[in-house]
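# Fold and geometry: a report
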Amino acid sequence: MAASGAVEPGPPGAAVAPSPAPAPPPAPDHLFRPISAEDEEQQPTEIESLCMNCYCNGMTRLLLTKIPFFREIIVSSFSCEHCGWNNTEIQSAGRIQDQGVRYTLSVRALEDMNREVVKTDSAATRIPELDFEIPAFSQKGALTTVEGLITRAISGLEQDQPARRANKDATAERIDEFIVKLKELKQVASPFTLIIDDPSGNSFVENPHAPQKDDALVITHYNRTRQQEEMLGLQEEAPAEKPEEEDLRNEVLQFSTNCPECNAPAQTNMKLVQIPHFKEVIIMATNCENCGHRTNESETCSVEIPELEFELGMAVLGGKFTTLEGLLKDIRELVTKNPFTLGDSSNPGQTERLQEFSQKMDQIIEGNMKAHFIMDDPAGNSYLQNVYAPEDDPEMKVERYKRTFDQNEELGLNDMKTEGYEAGLAPQR
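Residues numbered from 1 in each chain as written. Predicted model: local features only at pLDDT ≥ 70, side-chain atom pairs only at ≥ 80, totals over all residues. Heavy atoms only, no water.

## Digging into the overall build of the protein
Stated precisely, the cut-off is as follows: Strands are runs of DSSP state E lasting at least two residues, helices are runs of H or I lasting at least four, and both sets are numbered from the N terminus onward. For each residue, the accessible area found with a 1.4 Å probe, counting protein chains only, is set against the maximum for its type, and the residue is called buried under 20%, exposed over 50%, and partly exposed in between. Working rule for contacts: check all heavy atoms of both residues, and any pair within 4.5 Å makes them a contact. In this description, accessible areas are obtained by the Shrake-Rupley approach with a 1.4 Å probe, and a residue is regarded as covered only by the protein chains that are shown.
The helix and strand tally for the protein stands at 7 helices and 21 strands. Counting all 429 residues of the protein, 29% fall into the buried class. Sequence-distant contacts, at least 24 apart, represent 57% of the contacts inside the protein between residues at least 6 apart. As displayed, the protein offers around 28500 Å² of accessible surface, 49% of which is attributable to carbon and sulfur atoms.

## A word on the pattern of salt bridges
Just so we agree on the cut-off: Between Lys or Arg on one side and Asp or Glu on the other, a salt bridge is scored when a side-chain nitrogen of the former is within 4 Å of a carboxyl oxygen of the latter.
Applying the stated criterion across every chain, the model contains 12 salt bridges. Between D214 and R115 there is a salt bridge; the shortest N-O distance is 2.5 Å. Within this pair, whereas D214 is found in the loop between strand 13 (204-205) and strand 14 (217-222), its partner R115 is found in the loop between strand 7 (100-107) and strand 8 (116-119), the two being separated by 99 residues in sequence. Classification of D214 by relative accessible area gives buried; the value is 6%. Among the residues examined, R115 registers a relative accessible area of 3% and is labelled buried. Among the charged side chains, a network of salt bridges with common partners joins D112, R115 and D214.

## Things to note about the packing of aromatic side chains
Given two aromatic rings, their pairing is described by the distance between the two centres and the angle made by the two planes. Formally: Pairs were defined over the aromatic rings of Phe, Tyr and Trp, the Trp ring being its six-membered one, requiring ring centres within 6.5 Å. Orientation was assigned from the angle between planes: stacked under 30 degrees, edge-to-face over 60, tilted for the rest.
Using the criterion set out here, one finds 2 aromatic pairs in the structure. On the basis of an interplanar angle of 45 degrees and a centroid distance of 5.3 Å, the ring pair of F132 and F178 is categorised as tilted. Remark: F178 occurs in helix 3 (residues 170-186) and F132 occurs in strand 10 (residues 132-134); sequence separation between them is 46 residues. Residue classification places F132 among the buried residues on the basis of a relative accessible area of 14%. Look at F310 and F357: their rings are 5.2 Å apart centre to centre, the planes differ by 45 degrees, and that puts the pair in the tilted class. Here F310, found in strand 20 (residues 310-312), pairs with F357, found in helix 6 (residues 348-366); they are 47 residues apart in sequence, far enough to count as distant.

## Regarding the sheet that holds strand 8
Our working definition: Strand pairing is assigned whenever DSSP identifies at least 2 bridges connecting the two strands.
One open sheet holds the 3 strands; their spatial order is 11-8-13, and the pairing between them is antiparallel. Both edges of this open sheet fall to strand 11 (142-145) and strand 13, since each of them pairs with a single strand only.

## Things to note about the side chain of T120
Within the secondary structure, T120 sits in the loop between strand 8 and strand 9 (124-127). Those residues in contact with T120 that lie beyond four places of it in its chain are G141, D198, S200, N202 and S203.

## A few points about the confidence of the model for the protein
For the record, the criterion: pLDDT is a residue-level measure of predictor confidence that goes from 0 to 100.
Residues with a pLDDT of 70 or more make up 71% of the protein, whose mean pLDDT is 76. Considering each helix and strand of the protein separately, the mean pLDDT is smallest for strand 1 (residues 14-18), with a value of 39, and largest for strand 12 (residues 192-198), with 95. Of the regions scoring below 50 in pLDDT, residues 1-29 engages in 53 contacts with residues more than four places distant in sequence or in other chains.

## With respect to the environment of E333
Positionally, E333 belongs in helix 5 (residues 324-336). What makes E333 partly exposed here is its relative accessible area of 43%. As a C-alpha pair, E333 and S358 span 25 residues in sequence and 8.7 Å in three-dimensional space.

## Quick notes on the packing of helix 1 (residues 146-158) against helix 3
Helix packing for two helices is described by the angle between their axes and how far apart those axes are. The condition is simple: Lines are fitted to the C-alpha atoms to define the axes, a helix being fitted only along its stretch in contact, and any angle between axes, read from their N-to-C directions, falls within 0 to 180 degrees. Throughout this description, any angle smaller than 35 degrees is read as roughly parallel, any larger than 145 degrees as roughly antiparallel, any in the 65 to 115 degree range as roughly perpendicular, and the remainder as oblique. Here is the rule for handedness: rotate from the far helix to the near one, and if that takes an anticlockwise turn smaller than a right angle the crossing is left-handed, while a clockwise turn gives right-handed. Nonpolar residues are Ala, Val, Leu, Ile, Met, Phe, Trp, Tyr, Cys and Pro. Charged residues are Asp, Glu, Lys and Arg, and all others, Gly as well, are polar.
The geometry of helix 1 relative to helix 3 is characterised by a closest axis approach of 10 Å and an angle of 165 degrees between their N-to-C directions. Accordingly, the angle class assigned to the pair helix 1 and helix 3 is roughly antiparallel. The handedness of the crossing between helix 1 and helix 3 comes out as left-handed. Seen from helix 1, the contacting residues are E147, I150, T151, I154, L157 and E158; seen from helix 3, they are I175, F178, I179, L182, K183, L185 and K186. In terms of residue class, the contact of helix 1 with helix 3 is built from 8 nonpolar, 1 polar and 4 charged.

This is the structure:
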């Protein structure tokens, strides 16, 4: 069926009253009949309508039909016998489909120009070889052919050419050259590609070999984007974007404070860090340039090395974000450089034990001595990396326990009252 001759653009007719003797509609059980020239009962419904060109009465014809291997559509055609105005449109009789559709047709021969095409209002048409595109909603829907689509595009470009030439518009000559290229496509002197992209999923390009596969036609179904959903009126417009919140993970914040050791002005650095397979932690470090003191906010973890009969209590080493090697070196430095164990007043036996401790620590750091390293943090804020994560580490054991009364007392938790504390507050005047 070639419908390219009935696709000229024009304003739709406005229905005013049905004619006295309209053609009877199809039977209810065959409301949408397949397109067939041999079906004598397939007659359009005629409605007398107002012509928007001369304002006399013309005739609108409605045809409910079904495209083979596609779906039901409504074809409307208006013609005015007074001024000769005519217009043809097509609308889908079904709902917007769940997915959009894109037809990519390789036009190789004149036979491809006669393929039936259903192009809805929301479909965009492209010819990549000419860098040519007809945007969505710039034309009314049409039931036509590939040749009819090109003819319609040529008519649209030629419409304002007389005015452009009269005004000596520089674009008129370039449009004439482009129209020549479009007309050459109709002769299929060389293959070209026609793409119809319809987010509503209701456009169609005929496969003359159906139900067999068409090697020249590629049909792609896709999920619509949010913008396409809004274009089709399927959802409300996206709310205005909120200003992006500042990402503290990439920032090191600084604020002024006083050194807890000498009370001199100092700077405290703070950074939010996400430790994999652990949690987000806030690292705070204060370095005093006056006395060299360094401190950290998290100091609740004790360290024990049974092989060395060594134990370090809470708040002695200070909180750290480091490696196991770095922590062992800090422990060695803390113990061996203690001023009470150095000098002439130091005990000779104690000095030998410190030297032996330092040598064993070096062996552990270099991997020449096996030892157990135990971290005990009643606050639950310490972490030792599991190199096998997310699997269990066969060399590490993690135990979670309930704190004792003494541990809660040391952390200051026993005096905290988180429920019913308002009742104990005396009224203030």
